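# Commentary on secondary and tertiary structure
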Amino acid sequence: MKAARFHEYGGAEVMRYDDVPDPTPGPGEVLIRMRACALNHVDIDIRDGTSRLSIDLPHTLGFEFAGEIVALGDGVDDWSEGDRVAPLSQLHCGKCRWCAKAQHQHCEQLTMFGIQISGGYAELVVAPAWTLIAVPDHVPFEHAASVQAVFGTGWHALTKRAHIAEGDWVLINAAASGVGTAAIQIARLLGGRVIASASSEEKLARARELGAEATVNYATEDLTERVREITGGHGAAVVYESVGGELLEKSIAAMDTFGQLVLVGCHAGEVVPVDFIEMFRHEWTLLGAARATEDEFRHMMTLVADGRLTPVIADTFPLSQTADAHRFMESRRHYGKIVLVP
Ligand SMILES: [Zn+2]
């Protein structure tokens, strides 16, 4: 089979389209013909060596993918060849203290496709049968491969960590990113009124199409001032933040009394000053959120199948052109998910 791999760390040019032996499913496993595999920014960080994750080279990336079962290992009775599936992107141990509390995102033995084990940048991928999520016929594979990272993260952050009440103003930064487009839809589904922020008018127009009621261009406008203006001087009840740095600082200052800020990423600046006097006076809550539980990931596929959430796909690239897909992601011109297809 073919697989897109890298043999050394570096720029997009290190991605190769290799011939590798077909994998075979062991007991309790299935072999999946990959039909779509989503890119995530962590792929770039792993490829160029900036992530501190330890991997073996050559490495096959791709933590979220979907496809059809083409072979069953011994003891797999619940699935058949031809079934459309997407495996859980994070494989938890089921035994540790966090798994015992169903907080699988903190599993002490967490294994992820494309990181610790071979991922979806390949024509064929082996997955344990217990990880499979059924993909209904009417859900395109490109959508099925783009559910967990963005909707799972957003759902966990906006339902289990922060809480949105009907009519709350919700500020969503980096609204054009995969997590941003997902968070807009989730916040709307929960009854929130969305203020989307991004760095270009084109991205903000797309955010309005997804249901954002107001927008802020943080390249040209002051985020704190604009959010106060939009909310009649009150500020945002909930902030969904994934950028960090100055934008995080300005977002904290843009919160209403009892404001909750939930942070899911901060690449643009990991350390920012916080005025804790403002924090206790206004009874603010600062929350972190990381990925999601197994139940949440599975629930996201249900919401996508029901049409209540719809993955936004920026573009698809053939597996043979993974380097171009990486360059497109690095250009930050995309709106939504970038997906590889065989
Ligand atoms: Zn565990």
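Counting restarts for each chain, with residues numbered from 1 along the sequence as it is written. Only residues with pLDDT of at least 70 get local features here, since the model is predicted, and only at 80 or more are side-chain atom pairs given and counted; chain-wide, interface and lining totals rely on the full set of residues. Side-chain calculation: all heavy atoms of the structure are included, whereas hydrogens and water are not.

Another point: the pattern of salt bridges. In what follows, salt bridge is the name for a side-chain nitrogen of Lys or Arg lying within 4 Å of a carboxyl oxygen of Asp or Glu. Counted according to the given criterion, the structure contains 14 salt bridges. Here E68 and R35 are joined by a salt bridge, their closest N and O atoms 2.9 Å apart. In this pair, E68 sits in strand β4 (residues 64-72) while R35 sits in strand β3 (residues 29-38), placing the two residues 33 residues apart along the sequence. Think of it in three bands: with a 1.4 Å probe and only protein chains considered, a residue is buried below 20% of the maximum accessible area for its type, exposed above 50%, and partly exposed in between. You can call E68 partly exposed: its relative accessible area is 23%. Since its relative accessible area comes to 32%, R35 is described here as partly exposed. The structure contains a network of salt bridges with shared partners spanning E221, R226 and E229. Secondary structure is summarised from DSSP: a helix means a run of H or I of at least four residues, a strand means a run of E of at least two, and numbering begins at the N terminus for each.

Moving on: the side chain of D45. Looking at the element boundaries, D45 is found in helix α1 (residues 41-47). Residues scored as positive are Lys and Arg, those scored as negative are Asp and Glu, and His as well as the terminal groups of each chain are ignored. No salt bridge is formed by the buried D45; its nearest oppositely charged neighbour, R332, is found at 7.1 Å. Any two residues having at least one pair of non-hydrogen atoms within 4.5 Å are treated as being in contact. Setting aside its immediate chain neighbours within four residues, D45 contacts T50, S51 and H267.

In this section: the pairing of strand β5 (residues 84-87). Alternating residues of β5 divide into R84 and A86 and V85 and P87, and every residue in both groups is buried. Here a strand pair is declared whenever DSSP counts at least two bridges between the two strands. As paired strands, β4 and β5 are joined by two bridges and run antiparallel to one another. If you follow E68 over to β5, its bridge partner there is R84. Two strands pair when backbone bridges link them, and β5 and strand β9 (residues 132-134) are joined in this way by three bridges, in the antiparallel orientation. Of the residues in β9, the one forming a bridge with A86 is I133.

Turning our eyes to something else, we now look at the coordination of the zinc ion. When a metal holds four donors in a tetrahedron, each ideal angle between them is 109.5 degrees; when it holds six in an octahedron, the ideal angles are 90 or 180 degrees. The zinc ion binds to the protein through C93 (SG), C96 (SG), C99 (SG) and C107 (SG), with metal-donor distances spanning 2.3 to 2.4 Å. Each metal's donors are the N, O and S atoms found within 2.8 Å of it, except that Na, K and Ca use a 3.2 Å limit; water is left out, so coordination can look incomplete. Note on geometry labels: four donors, all angles 85 to 135 degrees, give tetrahedral; four donors become square planar and six octahedral when opposite donors are over 155 degrees apart and every other angle is between 65 and 115; remaining cases are irregular. Taken together, the four donor atoms coordinating the zinc ion and their angles of 101 to 118° define a geometry best described as tetrahedral. Donor residues binding the zinc ion come from one chain and are separated in sequence as C-x2-C-x2-C-x7-C. The pair C99 / C107 is uniform in exposure class, with both members buried.

The next subject is the sheet that holds strand β11 (residues 193-198). Taken together, six strands build an open sheet; the order of strands is β12-β11-β10-β13-β14-β15 and the sheet is parallel. Taken across any chain shown, the strands that pair with only one partner, and hence form the sheet edges, are β12 (214-217) and β15 (285-288). Across this sheet, the average inter-strand angle for adjacent strands is 20°, counted without regard to direction. For β11 and β12, the ladder comprises four bridges, and the chain directions are parallel. What sits directly across from A198, in β12, is N217. The angle between two axes is taken between their N-to-C directions and runs from 0 to 180 degrees, where each axis is a line fitted to C-alpha atoms and a helix contributes only its stretch in contact.

Glancing now at the domain arrangement of the protein. A common way to express how large an interface is: the accessible area buried when the components associate. Per the domain assignment, the segments making up the protein are domain 1 (2-146 + 311-341) and domain 2 (151-288). Every contact between the two is made by 11 residues of domain 1 and, on the other side, 12 residues of domain 2. Both sides of the domain 1 and domain 2 interface together cover about 850 Å² of buried area, and 55% of this is carbon and sulfur. Accessible-area loss on putting two parts together, using a 1.4 Å probe and summing over both, is the definition of buried area adopted here. In terms of surface lost to domain 2, no three residues of domain 1 exceed P311, V312 and Y335, which account for 55% of the buried area on that side. If you look at where domain 1 meets domain 2, you find zero salt bridges. Here a polar contact is taken to be a pair of N or O atoms separated by no more than 3.5 Å, where protein atoms must pair a possible hydrogen donor with a possible acceptor and residues adjacent in sequence count only if both atoms sit in side chains. Linking domain 1 with domain 2 are five residue pairs in polar contact (both at pLDDT 80 or more), by the criterion used here. Basically, the charged four are Asp, Glu, Lys and Arg, the nonpolar ten are Ala, Val, Leu, Ile, Met, Phe, Trp, Tyr, Cys and Pro, and anything else, Gly included, counts as polar. Across the side of domain 1 that touches domain 2, the residue classes break down as three nonpolar, five polar and three charged. Boundary definitions for the domains trace back to an automatic or database domain assignment.

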